[in-house]
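The residues making up each chain are set out below.
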Amino acid sequence: MSPSISADIHNDDRFENLRQELRRGSLPLAVLAALRTEHYGYTLRKTLADHGMAIDEGTLYPLLRRLETQGLLVSQWREEDKRNKRFYRLSPDGKLILKQLLIEWKNIRTSLEDIF
Amino acid sequence: MALVDRYLQAVKFWLPRKQKDDIIAELSEDLRSQIEDQEAELGRKLTDTEVEPILKRCGSPMAVAERYLPQRSLIGPALFPIYSVVIRSLLVYFLLPWLLLWLGITIFSPDFRADHPGAALFASLEPWWLACTYSLFFNTLVFALLDRSQARSHLVNDWSPRALPSERDHNRISRGATLFELTITVATLALWVQFDTFHRVFHIFGVTITLSSHWPYFFWGLVVLTLAGIGISGLHLSTARWTRLSASLRLVIDGCAWGLIYCLFRANLLQSLSGSDVSSTEAAQLVNSLNLWMASSAVWVLVIGILVLVFDVRRILRVGGTA
């Protein structure tokens, strides 16, 4: 594929929509996996971004709230560097679910690789 | 940081009351961390101009707050397809024909325009507006209530593949319907001829009605067209479906029939009336009034005829599309 055609595809709205949809589906798994270690929102975002899963604050915080409501995360307000921060980590249920999700993820990846 | 505080205040406005402070504290912490990181890189405080892109990237206050709210809709995706069919049917089979009828009368009837000068012409459309508003409002209300009630689960979940309607074939004509149509047409034709209507003079309840000399043309024209209609029905008895030929013939017959009826209404058909109880002056006035009434009603015939022809053309396109 020539560079100009490749650039055109990346600017294509259809590609962008599908790309976002694909990433959106993987976000809960990425967040749960990253929260095996305790993080507060901003450092969690930075960790995810460092691993190529950049996520904006408007998406992350509602997702964290939803996962916490579902009992997969626990959170705690704590002072650090003279500022109150909300720290998140996996709950026991979250650990179990993450384990199952990772198996599911590997199955999906294997299936997709078979199809490709 | 005044810009950040203003931003957070705007987000806070849209948030659910119980979660306001918690969400704002967390969002505030994130924004301030971003700003501090950039300030550490630059070695100075950020200006408002530099803070602005950070807030813009975060999203409009309403959009940010909306992500914390549960997904809401007036009519959910389970019922929306039914709602959409009901509203479309209402528009296509009720409101649109009404509007077209009004347009037809407005365009073709000088009397109607004279009776409704200026703004009164649009005021004459008021019942249509009211029908639009009420029908859309009540349908939406009913579906919104249904969506929030238990009825939704019955509607959406209680189904069986065997209970689904059979496959639709728009071009199929049931032989029963064709036989019914044929019976009615033949009976009408028999009555038409039996009452001796090809003569110009009728005697009804002691009154003698004389029609104009054009009457035989209309009479025989309608007889021929009715016979042609019987021919099409006969064809449908054997084929049991619309074909391109039968649909085209139907268009021609309907076009001629409605054209003929339109001319008949405008032809001053009544020539004279006479009877023992009616004076000649009264009879002349009555003849004049009846002819005038028919002429002014011709516009209705034209509008109905056009609607019939539109359906006929649509049928030809449909048959052509599936041929």
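Read on for a plain summary of the structure. These figures come from a predicted structure and were not determined experimentally.

## With respect to the overall build of chain B
Scanning chain B from N- to C-terminus turns up 13 helices and 3 strands. Within the span of chain B, comprising 323 residues, buried residues form 32% of the whole. Once local pairs closer than 6 in sequence are excluded, the contacts in chain B between residues at least 24 apart make up 71%. As presented, chain B carries roughly 20800 Å² of accessible surface, and 65% of it is formed by carbon and sulfur atoms.

## Topic: the interface of chain A and chain B
Frequently, the measure chosen for interface size is the accessible area removed from exposure when the parts meet. Tallying the contact residues gives 18 residues for chain A and 18 residues for chain B. Across the interface of chain A and chain B, roughly 1600 Å² is buried in total on both sides, 44% from carbon and sulfur atoms. Inspection of the chain A/chain B interface yields 10 salt bridges. Across the chain A-chain B interface, the total number found is 14 residue pairs in polar contact (both at pLDDT 80 or more).

## Remarks on the side chain of A:Glu57
The residue A:Glu57 is located in helix H4 (residues 57-69) in this model. With residues near it in sequence (within four places) discarded, A:Glu57 still touches A:Arg45, A:Pro62, B:Leu27, B:Asp30, B:Leu31, B:Gln34, B:Arg57 and B:Cys58.

## Brief notes about the pattern of salt bridges
One pass over the full model with this rule turns up 25 salt bridges over all chains. For A:Glu38, the salt bridge goes to A:Arg89, with nearest N and O atoms at 3.9 Å. Taken as a pair, A:Glu38 in the loop between helix H2 (13-34) and strand E1 (39-40) and A:Arg89 in strand E3 (residues 83-90) lie far apart in primary sequence, 51 residues in all. Residue classification places A:Glu38 among the partly exposed residues on the basis of a relative accessible area of 30%. A salt bridge links B:Asp21 to B:Lys12; its shortest N-O distance comes to 3.2 Å. A relative accessible area of 31% places B:Lys12 in the partly exposed class. Via salt bridges that share partners, A:Arg65, A:Glu68, A:Arg86, B:Asp22 and B:Glu26 belong to a single interconnected network.

Cut-offs and rules
Residues numbered from 1 in each chain as written. Chains lettered and ligands numbered in written order. Predicted model: local features only at pLDDT ≥ 70, side-chain atom pairs only at ≥ 80, totals over all residues. Heavy atoms only, no water. Helix = DSSP H or I, 4+ residues; strand = E, 2+ residues; numbered from the N terminus. Buried < 20%, exposed > 50% of the residue type's maximum accessible area, 1.4 Å probe, protein only. Contact = heavy atoms within 4.5 Å. Areas by Shrake-Rupley, 256 points an atom, 1.4 Å probe, with all protein chains shown as cover. Buried area = accessible area lost by both parts, 1.4 Å probe. Salt bridge = Lys/Arg side-chain N within 4 Å of Asp/Glu carboxyl O. Polar contact = N/O pair within 3.5 Å; in protein donor to acceptor, adjacent residues only side chain to side chain.

The values are spatial; any link to function lies outside them.
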